[in-house]
Amino acid sequence: MKKEVTRKVERIDTQVDEMRVRRKDSNALKVIENVFDDATLKTLYTISNKGIIKALGGSISTGKEANVFLAEGEDRNLAVKIYRISSSTFNSMEEYILGDPRFRNVRHSKRDIIFAWTKKEHRNLERAIEAGVKVPVPIISERNVLVMEFMGEGERSYPQLKEAGVNKENARAFFDTISKYIELLYTKANLVHGDLSEYNILVDPHTQEPIFIDMGQSVTLEHPKSQEFLRRDIENIIRYFKKYGIDADPEKLYSTIREIKEKGQ
Ligand SMILES: Nc1ncnc2c1ncn2[C@@H]1O[C@H](COP(=O)(O)OP(=O)(O)OP(=O)(O)O)[C@@H](O)[C@H]1O
């Protein structure tokens, strides 16, 4: 057993090294080193020791505060989101965490905020699923690493809504499902996504089903800015679909969602 674990750990080490070598001459080297600091490598080992990740694959995305990698799981591919400890947007993270009663006891060191943020994304995804919203299934979160279901085919993520071929014929169906998801999140999960746009929604090309992603910043309704965020999410979506002939009133959708919530209380 011990040998097996060592082998897995070595494999991740080699892969990280290979990534470093491959990117040696590029600016991306700095980013890779920022992601795989020693503590993060240790966290990846812990997850690998649990048998969840068998091998780490290529980079899927380098975002403002996190990197997403493909990984080989027990019997399917996984997405591994690693929040960079050296994240530059930490201050805005703090603002979201501090307004959330679920994190009242979190210490305010940068690391603790980032760990809480990772846990928050995991829990938000779980709550979204319970409410009937399609999101990647979270599998484990440890410190700054979140492992989840890979929403893609082969080694490629599903396209973002923006690239998913929305047109005047299919726009209504997309819009209705997305509006329903915003409503379900609010009324059933007590959550507001908080950063919804054509970039944070993937589309399964086989079923044309929208998938919400990036729920680290999603807030509960007690958050002082939850109403502002809900309005903004609705406005972003309505703005996007306007060019495909959907004419919806953001204020009306906002009030409808609030009414459904009040009736259900
Ligand atoms: N579970 C997943 N399955 C497949 N691809 C994913 C998954 N999660 C994220 N991705 C890919 O990684 C990209 C970035 O993910 P996400 O938005 O969660 O990270 P982020 O660091 O917050 O990004 P940004 O800073 O750009 O907002 C997505 O657009 C998507 O292409």
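Each residue is numbered by its place in its chain's sequence as written, counting from 1. Thresholds applied to this predicted model are a pLDDT of at least 70 for local features of residues and 80 or more for the giving and counting of side-chain atom pairs; totals over whole chains, interfaces and linings are not thresholded and use all residues. The basis for every side-chain value is the complete set of non-hydrogen atoms in the structure, without hydrogens or water.

Looking now at the environment of Asp-204. Secondary structure elements are taken from DSSP: a helix is a run of H or I of four residues or more, a strand is a run of E of two residues or more, and numbering for both begins at the N terminus. Turning to its location among the elements, Asp-204 is positioned in strand S9 (residues 201-204). Relative accessibility decides the category of a residue: with a 1.4 Å probe and only protein chains considered, values under 20% of the type maximum give buried, values over 50% give exposed, and everything between is partly exposed. Among the residues examined, Asp-204 registers a relative accessible area of 13% and is labelled buried. Between the alpha carbons of Asp-204 and Ser-157 there is a distance of 9.4 Å; along the sequence they are 47 residues apart. Among residues more than four places away in sequence, those in contact with Asp-204 are Tyr-158, Glu-209 and Ile-211. Between two residues, a contact is recorded if the distance between any of their heavy atoms is within 4.5 Å.

Let us now look at the site of the ligand. Nearness is judged by heavy atoms alone; a residue qualifies as near a molecule or strand once a single heavy atom is within 4 Å of it. In the region of the ligand, 18 residues are neighbours, and Lys-64, Lys-81, Glu-149, Met-151 and Ser-157 sit closest. Taking Lys-81, its side chain carries an N or O atom lying 2.7 Å from an oxygen atom of the ligand. The definition of a polar contact used here is a pair of N or O atoms within 3.5 Å, where within protein one atom must be able to donate a hydrogen and the other to accept one, and adjacent residues in sequence count solely through side-chain atom pairs. With respect to the ligand, the backbone of Glu-149 contributes an N or O atom lying 2.9 Å from a nitrogen atom. Within the complex, 89% of the 620 Å² of free accessible area of the ligand lies under protein. Broken down by secondary-structure element, the contributors of at least two residues to the shell around the ligand are strand S1 (55-62), strand S2 (66-72), strand S3 (77-83) and strand S5 (145-149). Its residues placed into classes, the shell around the ligand shows nine nonpolar, five polar and four charged. For the accessible areas, the method is Shrake-Rupley and the probe is 1.4 Å, while residue cover comes only from the protein chains on display. For this classification, the nonpolar set comprises Ala, Val, Leu, Ile, Met, Phe, Trp, Tyr, Cys and Pro, the charged set comprises Asp, Glu, Lys and Arg, and every other residue, Gly included, is treated as polar.

Bringing helix H3 (residues 38-49) into the picture now. When the terminal C-alpha atoms of H3 are compared, their 16 Å separation across 12 residues agrees well with the 16 Å that a helix rising 1.5 Å per residue should span. Restricting attention to buried positions, one finds in H3 the residues Thr-40, Leu-41, Thr-43, Leu-44, Tyr-45, Ile-47 and Ser-48. The backbone nitrogen of Ala-39 lies 3.2 Å from a side-chain oxygen of the residue at the head of H3, namely Asp-37. Positioned one or two residues after H3, Gly-51 has a phi angle of 85 degrees, which is positive. How far a helix is expected to stretch is found by multiplying one less than its residue total by 1.5 Å.

The next subject is the packing of helix H6 (residues 171-188) against helix H7 (residues 226-242). It is the contact of H6 with H7, at a shortest axis distance of 11 Å, that shows an interaxial angle of 175 degrees. Between H6 and H7, the interaxial angle falls into the category roughly antiparallel. Residue-level contacts link Ala-171, Phe-174, Phe-175, Ile-178, Ile-182 and Tyr-186 of H6 to Gln-227, Leu-230, Ile-234, Ile-237, Ile-238 and Phe-241 of H7. The residue makeup of the contact of H6 with H7, split by class, is 11 nonpolar, one polar and no charged. Inter-axis angles, ranging from 0 to 180 degrees, are taken between N-to-C directions of lines fitted to C-alpha atoms, where helices are fitted over the stretch in contact. Convention used here: angles under 35 degrees read as roughly parallel, angles over 145 as roughly antiparallel, angles from 65 to 115 as roughly perpendicular, and any remaining angle as oblique.

Two strands pair when backbone bridges link them, and S9 and strand S10 (residues 209-212) are joined in this way by four bridges, in the antiparallel orientation. Looking across to S10, one finds that Val-203 is bridged to Pro-210. Remark: four residues form the turn of the hairpin made by S9 and S10, two consecutive strands paired antiparallel; Gln-208 in that turn has positive phi of roughly 60 degrees. Paired strands, as defined in this entry, are two strands with at least two bridges between them according to DSSP.

All right, on to the domain arrangement of the protein then. Domain delimitation follows an automatic or database domain assignment. What the domain assignment lists for the protein is domain 1 (15-156) and domain 2 (157-264). Once you take the C-alpha centre of each, domain 1 and domain 2 turn out to be 24 Å apart. In this complex, domain 1 contributes 28 residues to the contact, which on the side of domain 2 involves 31 residues. Around 2300 Å² of area is buried between domain 1 and domain 2 when both sides are counted, 58% of it from carbon and sulfur atoms. Reported buried area values correspond to the accessible surface (1.4 Å probe) lost by two parts on association, with both partners' losses combined. Counting the surface domain 1 buries against domain 2, the share from its top three residues, Tyr-96, Lys-134 and Met-151, is 24%. Within this document, salt bridges are pairs made up of a side-chain nitrogen of Lys or Arg and a carboxyl oxygen of Asp or Glu, the two lying within 4 Å of each other. Across the pair Asp-214 and Lys-81 runs a salt bridge, and its minimum N-O distance is 3.0 Å. In this assembly, domain 1 and domain 2 are joined by 10 residue pairs in polar contact (both at pLDDT 80 or more). At the level of secondary structure, the elements contributing two or more residues to the side of domain 1 that touches domain 2 comprise S3, helix H4 (90-98), helix H5 (110-130) and strand S6 (152-153). Element by element, the count of residues in the side of domain 1 that touches domain 2 is highest for H5, at seven residues. Residues that form the side of domain 1 that touches domain 2 fall into these classes: 13 nonpolar, four polar and 11 charged.

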